[in-house]
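# Inside the fold
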Amino acid sequence: MDTATLRQILLAEMECYTGEGLNDRAYLTVNETDGVYTIVDIARVQGRRLVGTVLVARLDKDRVVIELDRHDKPLVDALIMRGVPKAQIVLAYHRDALPA
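What comes next concerns the included structure. (Residues numbered from 1 in each chain as written. Predicted model: local features only at pLDDT ≥ 70, side-chain atom pairs only at ≥ 80, totals over all residues. Heavy atoms only, no water.)

## What to know about the environment of Ala43
Put simply, the rule is: Put simply, DSSP marks the helices as runs of H or I at least four residues long and the strands as runs of E at least two long, and each gets a number from the N terminus on. To sort residues, take the accessible area from a 1.4 Å probe on protein chains only and compare it with the maximum for the residue type: under 20% means buried, over 50% means exposed, and anything in between is partly exposed. Throughout, a residue-residue contact means that at least one pair of heavy atoms, one from each residue, lies within 4.5 Å.
Within the element layout of this structure, Ala43 appears in strand β3 (residues 36–45). By relative accessible area, which is 9% here, Ala43 ends up buried. For the pair Ala43 and Asn23, spaced 20 residues apart in sequence, the C-alpha separation works out to 5.7 Å. The contacts of Ala43, once residues within four sequence positions are left out, are Asn23, Asp24, Arg48, Arg49 and Leu50.

Now the structure itself:
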């Protein structure tokens, strides 16, 4: 799959992780220059404000590299369901290595 299609699918799937929750709001942040995409969560728990990065993915040539995924519905599963070949997905948070 070509990089432009990968980017389009990646952004569409990451957008699904955004929005209002019970006590939080998740935002998609995009760095097109470096091809890095993140989901940042801002929450209120027991009166305390918590901010954290919960998903980080980037494009590396013709691969999606998932650096961090703290969701119960993993991004890798969503990408595969959209037709992204497993060979083009690197799970860096599981210590998958990028091919040279």
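Moving on from the model shown.
## Some details on the side chain of Thr38
Secondary-structure assignment places Thr38 in strand β3. We classify Thr38 as buried; its relative accessible area is 14%. Leaving out residues up to four positions away in the same chain, Thr38 has contacts with Met14, Tyr27, Leu28, Thr29, Thr53, Leu55 and Val56.

## Describing unusual backbone geometry
A negative phi angle is the norm for most residues apart from glycine, just as the trans form is the norm for most peptide bonds. Positive phi is not limited to glycine here, since Gln46 has a value of about 50°. Inspection of the secondary structure assignment puts Gln46 in the loop between β3 and β4 (48–60). Gln46 sits in the exposed class, given a relative accessible area of 80%. A positive phi angle, near 60°, is found at Lys61, a position not held by glycine. For Lys61, the position within the fold is in the loop between β4 and β5 (63–69). A relative accessible area of 68% means that Lys61 is categorised as exposed.

## Re helix α1 (residues 3–15)
As a reminder, the rule being used: Between the first and last residue of a helix there are one fewer steps than residues, each counted as 1.5 Å, and that sum is the expected span. Within 3.5 Å is the distance limit for a polar contact, defined as a pair of N or O atoms, with the added protein rule that one can donate a hydrogen and the other accept it, and that residues adjacent in sequence qualify only through two side-chain atoms.
Taking 1.5 Å of rise per residue, the 13 residues of α1 would be expected to cover 18 Å, and the 18 Å separating its terminal C-alpha atoms lies within 8% of that figure. Those residues of α1 not exposed but buried are Leu6, Ile9, Leu10, Leu11, Glu13 and Met14. The residue sitting at the N-terminus of α1 and contributing the capping side-chain oxygen is Asp2; that oxygen lies 3.1 Å from the backbone nitrogen of Ala4.

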